[in-house]
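Below, each chain spelled out in residue letters.
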Amino acid sequence: MAVSREAPTTIDAAPGPDFDAIVIGAGMSGMYQLHRLRELGMRVRVFEAGTGVGGTWYWNRYPGARFDSESYSYGYSFSKELLEEWNWSEHFAGQPETQAYLNLVADKFDLRRDIQFRSRVTAVHWEEETRHWNVTLQDGGRFRTRFLITAIGPLSAPTLPRIEGVDMFGGQSFHTARWPHETVDLAGKRVAVIGTGATGVQTIQTIAGSVGHLTVFQRTPNWCAPLHNSKIDPETQKQIKSSYPEIFRRCQETFACFIHTPDPRGTFEVSDEEREAFFEKLYAEPGFAIWQGNFRDIVIDRKANAAISDFVARKIRQRVKDPEVAEKLIPRNHGFGTRRVPLETRYYEAYNRDNVELVDITETPIERITPKGIKTSNHDYEFDMIIYATGFDAITGSFDQIDIRGTHGVRLKQKWKGGPQTFLGVLIDGFPNLMMLMGPHTALGNIPRSIEYNVDWVTGLIRHASEAGLTRVEATSAAVTSWTDHVKALGVGLLSNEVNSWMTGINSNVEGKQTRIVARYSGSAPAYRARCDEVASRRYDELELA
Ligand SMILES: Cc1cc2nc3c(=O)[nH]c(=O)nc-3n(C[C@H](O)[C@H](O)[C@H](O)COP(=O)(O)OP(=O)(O)OC[C@H]3O[C@@H](n4cnc5c(N)ncnc54)[C@H](O)[C@@H]3O)c2cc1C
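Per-chain numbering applies: the sequence of each chain, read as written, is numbered from 1 onward. Per-residue local features are limited, in this predicted model, to residues with pLDDT of at least 70; the limit for side-chain atom pairs, both in listing and counting, is 80 or more; totals at the level of whole chains, interfaces and linings are taken over all residues. Note: side-chain values were computed over all heavy atoms of the structure, leaving out hydrogens and water.

Asks: Can you walk me through the overall build of the protein chain in this structure?
Replies: Only DSSP runs of H or I covering at least 4 residues are called helices, and only runs of E covering at least 2 are called strands; the numbering of each starts at the N terminus. Within the protein chain one finds 18 helices and 20 strands. The buried share among the 546 residues of the protein chain stands at 60%. Any two residues having at least one pair of non-hydrogen atoms within 4.5 Å are treated as being in contact. Here the contacts in the protein chain between residues at least 6 apart in sequence split such that 72% fall between residues at least 24 apart. The accessible surface values rely on the Shrake-Rupley method and a 1.4 Å probe; as for residues, cover is taken only from the protein chains in view. Within the structure as shown, the protein chain displays about 22,100 Å² of accessible surface, and the carbon and sulfur contribution to it stands at 50%. Positive residues here are Lys and Arg, negative ones are Asp and Glu, while His and the chain termini are left out of the count. Where a charge sits is defined by one atom per residue type, namely NZ (Lys), CZ (Arg), CG (Asp) or CD (Glu). Measuring between centres, the 63 positive side-chain charges of the protein chain sit 2 Å from its 68 negative side-chain charges. For the exposure calls, accessible area comes from a 1.4 Å probe over protein chains only, and a residue counts as buried if that area is under 20% of its type's maximum, exposed if over 50%, partly exposed in between.

What follows is the structure, encoded as structure tokens:
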């Protein structure tokens, strides 16, 4: 749905709320939402816990942090001028570059003047009589707003492991998503990394060569595939710039907004030789080709999934010299692509180094963190530094950290106890005028593409409210039940829904997150957008508007 960008419309004259809209979070979602709402002539304030813009790319400064989406498919698409001005230096840019890019965006669109940094929102309460939200900050600041938009990130609430003694360690310790702004000296140090998800993999492969000794504590190995990153030469740069419309059109058409799209053939519709050659080809290609561009049935058909898993297992055995270590690095409890596939650059080769050791904590569990290091069931390790690559309380975690209360004082956390319930992943019954960006039940995939769509949709809804003189927008409970049931139905038959992961709401480090839920929309992005467009085209008549 295109949002018209003509004459600004001002919502609600004073006296009234302090702001027409408050946005929580200044990552890619919040930044773009601010830009769009300003075009409506609205009084907007963004509250951001950090000291700068960029969200994910502001916080995740750990060594080797980079995205797995192709750079040119990840950046914003809304401004031709920005696309012209910015040059990605690599096919998969590192964190410093992405952060620099987002700072440029903030400067170019003069976003900072409406963003209040160092401002963590702790409570948001709906007030029915006046139809506004009361927003409270950690420092006690209080503000009133007509519309409240959460842009708090699907992966932004870090979790530490629930191990005794985490506060006891005498050396340096960092969570990867809270990596210091200052340079951290790793040279010659005895370093532990706990966690081997996408972040752990990037950290391990990057620091293995510079630390004195590295001990990796692994609970669940993941199926990793080569990233095949490279610099963008001037000729390719030109080509990218001239094909931006084509790149973004392609992202609009694919299942998950990546430039890759599944092969229409089934795994066993080709000969054994063809299949092997196709897997080889994908393994040699950059990015998520091997996940998003594989045979159409690898994540739904057990035999097909076993075939690609067997192929990647053979690669791991070829690349890791010590057979015992190789076997430990091969996942046993899930198939390829049923959890987020970490992309790597010589990750497996890191384990061929003399200074790198792998500890399987399913065999020798960590008993506690000690003042000097880590004690497992059979060894007392000493370290100078512990790096927690233990990830996030995903999707709902950042919601749980805010006291969100809707009509009749109902708490969102209570409402979502058995799993999120939403309409389109954007609205919730009982929580009027609250809109979520990249919350549960929305299409994620190559996330900036979904961000731009959702922000435009939310902007369209607010514009409609403003033009029609409406001050209350709410999803009906029937719409919420129907969308939630639809999202659950979409997950049936997906092998990924039979696996414990952040995508199924499991986090052993967070109390109460040991039961699988459907937190994620697993249908196609085009289908998601078609449904949202339909709601907008019928002038939002499925919502309660007043
Ligand atoms: C290491 C890493 C790599 C990734 N790689 C990719 C990739 O390759 N491709 C891809 O598509 N996606 C990737 N992602 C997902 C990434 O999160 C999204 O691409 C995107 O950055 C999300 O933007 P956002 O603005 O919605 O959320 P975020 O970037 O998480 O921003 C949320 C902001 O809200 C703020 N906030 C949260 N709660 C509060 C509060 N209560 N008060 C005030 N402020 C608050 C946070 O401080 C943060 O700045 C990656 C994520 C991580 C962690």
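Asks: How should helix α6 (residues 198-207) be read in this particular structure?
Replies: Since the α-helix turns once every 3.6 residues, residues separated by three or four places project in the same direction. With eight of its 10 residues buried, α6 lies for the most part within the structure. Every buried residue of α6 is listed here: T199, G200, V201, Q202, T203, I204, Q205 and I207. Structurally, α6 contributes buried residues whose contacts are with β8 (190-194), β9 (213-218), β11 (343-344), α13 (347-350) and β16 (385-388).

Asks: Can you walk me through the pattern of salt bridges in this structure?
Replies: Side chains carrying opposite charge are able to pair once their charged atoms draw close together. Basic side-chain nitrogens of Lys or Arg form a salt bridge, by our definition, when they fall within 4 Å of a carboxyl oxygen of Asp or Glu. One pass over the structure, following the stated rule, counts 44 salt bridges. The salt bridge partner of E285 is K281, with a shortest N-O separation of 2.9 Å. Under the relative-accessibility criterion, K281 is labelled partly exposed at 45%. Here D400 ties to K513 by a salt bridge, and the two come within 3.4 Å at their closest N and O atoms.

Asks: Please explain the environment of A26 as it appears in this structure.
Replies: Tracing the chain through its elements places A26 in the loop between β1 (19-24) and α1 (28-39). Looking at A26, the relative accessible area reads 1%, which means it is buried. Taking the C-alpha atoms as reference points, A26 and G54, 28 residues apart in sequence, are found 6.3 Å from one another.

Asks: Is there a simple way to explain the packing of aromatic side chains in this structure?
Replies: A pair of aromatic rings is counted whenever rings of Phe, Tyr or Trp (Trp by its six-membered ring) have centres within 6.5 Å, and the orientation is called stacked for planes under 30 degrees apart, edge-to-face for over 60 and tilted otherwise. If you walk through the whole model with that rule in mind, you get 35 aromatic pairs. For the ring pair W57 and F67, a centre distance of 5.6 Å and an interplane angle of 90° mean the geometry is edge-to-face. Here W57 is found in helix α2 (residues 56-59), whereas its partner F67 is found in the loop between α2 and α3 (71-74), with 10 residues between them in sequence. Each member of the pair, W57 as well as F67, is classed as buried. Sitting over the ring of W59, R178 keeps its end group 3.8 Å from the ring centre. In our convention, an over-ring charge means Lys NZ or Arg CZ found within 6 Å of a ring centre and within 35 degrees of that ring's normal. Lying across the ring of F278, R265 places its NZ or CZ 5.1 Å from the centre.

Asks: Help me out: how do you make sense of the packing of helix α16 (residues 447-467) against helix α18 (residues 525-537) in this one?
Replies: Angles shown run from 0 to 180 degrees and are taken between the N-to-C directions of axes, each axis being a line fitted to C-alpha atoms and, for helices, limited to the stretch in contact. With their axes 11 Å apart at the nearest point, α16 and α18 run at an angle of 10° to one another. With respect to α18, the axis of α16 lies roughly parallel. From α16, Y453, N454 and W457 reach across to α18, where they touch Y528, R529, C532, D533, V535 and A536. For the contact of α16 with α18, a count of residues per class yields six nonpolar, one polar and two charged. Under this scheme an angle from 65 to 115 degrees is roughly perpendicular, one under 35 degrees roughly parallel, and one over 145 degrees roughly antiparallel; angles in between are oblique. When residues are sorted by character, Ala, Val, Leu, Ile, Met, Phe, Trp, Tyr, Cys and Pro go into the nonpolar class, Asp, Glu, Lys and Arg into the charged class, and all the rest, Gly among them, into the polar class.

Asks: What is the right way to read the sheet that holds strand β13 (residues 366-369) from this model?
Replies: Across a sheet, strands are paired by hydrogen bonds formed along the backbone, either parallel or antiparallel in direction. Note: two strands are recorded as paired if DSSP finds a minimum of 2 bridges between them. Taken together, three strands build an open sheet; the order of strands is β13-β14-β15 and the sheet is antiparallel. Here the strands that pair on one side only, and so sit at the sheet edges, are β13 and β15 (380-382). The sheet shows a mean angle of 20° between the axes of neighbouring strands, direction not considered. Across three bridges, the pairing between β13 and strand β14 (residues 373-376) is antiparallel. Note on β14: the bridge partner recorded for I369 is I374.

Asks: Help me out: how do you make sense of the site of the ligand in this one?
Replies: In the neighbourhood of the ligand, 36 residues make up the surrounding shell, with S29, E48, D68, S69 and Y74 lying closest. Polar contact is defined as a pair of N or O atoms within 3.5 Å, subject to the rule that within protein one atom must be able to donate a hydrogen and the other to accept it, and that residues adjacent in sequence are counted only when both atoms are side-chain atoms. Within the backbone of M28, an N or O atom sits 3.0 Å from an oxygen atom of the ligand. In the complex, 96% of the free accessible area of the ligand, which totals 980 Å², lies under the protein chains. Secondary-structure elements contributing two or more residues to the shell around the ligand are α1, α2 and α16. Each residue belonging to the shell around the ligand can be placed in one class, and the counts come to 20 nonpolar, 12 polar and four charged. Only heavy atoms are used to decide nearness, and a residue is near a molecule or strand if one of them lies within 4 Å of it.

Asks: Could you clarify how one ought to interpret the layout of surface pockets in this entry?
Replies: Unoccupied space between atoms shows up once a probe the size of one water molecule is rolled over them. Lining residues are defined by having an atom within 4 Å of a point belonging to a cavity or pocket. Those points lie on a 1 Å grid over the protein atoms alone, cavities being sets where a 1.4 Å probe fits but cannot get out and pockets being open sets with protein on both sides within 12 Å along at least five of seven lines. Grid points are joined across faces, edges and corners, and a volume is the space filled by probe spheres set on the points. Estimated volume of the second largest pocket: approximately 390 Å³. Elements that contribute at least two residues to the lining of the second largest pocket include exactly α14 (397-400) and α15 (412-415). For the lining of the second largest pocket, the per-class residue count stands at three nonpolar, nine polar and six charged.

Asks: Can you walk me through the nonpolar core in this structure?
Replies: Within soluble globular proteins, side chains that are nonpolar generally end up buried alongside one another. Among the nonpolar cores identified, the biggest contains 77 residues, and F423, M435 and W457 are the most heavily contacted of them. For this core, the element with the highest residue contribution is α16, accounting for eight residues. Every residue in contact with F423, bar those within four places of it in the chain, is listed here: A475, A479, V480, W483, R531, V535, E542 and L543. What is meant by a nonpolar core is a set of buried Ala, Val, Leu, Ile, Met, Phe, Trp, Tyr and Cys residues, joined one to another through side-chain atoms within 4.5 Å.

Asks: Please explain empty space enclosed by the protein as it appears in this structure.
Replies: In this structure the tally under the stated criterion is six cavities of 30 Å³ or more. Within this model, the largest cavity holds a volume of roughly 80 Å³. Taken together, F392, D393, A394, I395, T396, W502, G505, I506, N507, K513, I517 and A519 make up the full set of residues lining the largest cavity. The class makeup of the residues in the lining of the largest cavity is seven nonpolar, three polar and two charged. What the second largest cavity holds in volume is close to 50 Å³. Lining the second largest cavity, in full, are Y72, G75, Y76, L82, L83, W86, W88, Y101, Y244 and F248. Contributing elements (two or more residues each) for the lining of the second largest cavity: α4 (80-85) and α8 (244-253). Of the residues assigned to the lining of the second largest cavity, the class counts are nine nonpolar, one polar and no charged.

Asks: Please explain the environment of S508 as it appears in this structure.
Replies: Within the element layout of this structure, S508 appears in the loop between α17 (477-491) and α18. Residue S508 is classed as partly exposed on the basis of its relative accessible area, which comes to 34%. Between the C-alpha atom of S508 and that of T159, which follows or precedes it by 349 residues, the distance is 9.8 Å. Once residues lying within four places of it in the same chain are set aside, the contact partners of S508 are R162, R219 and Q514.

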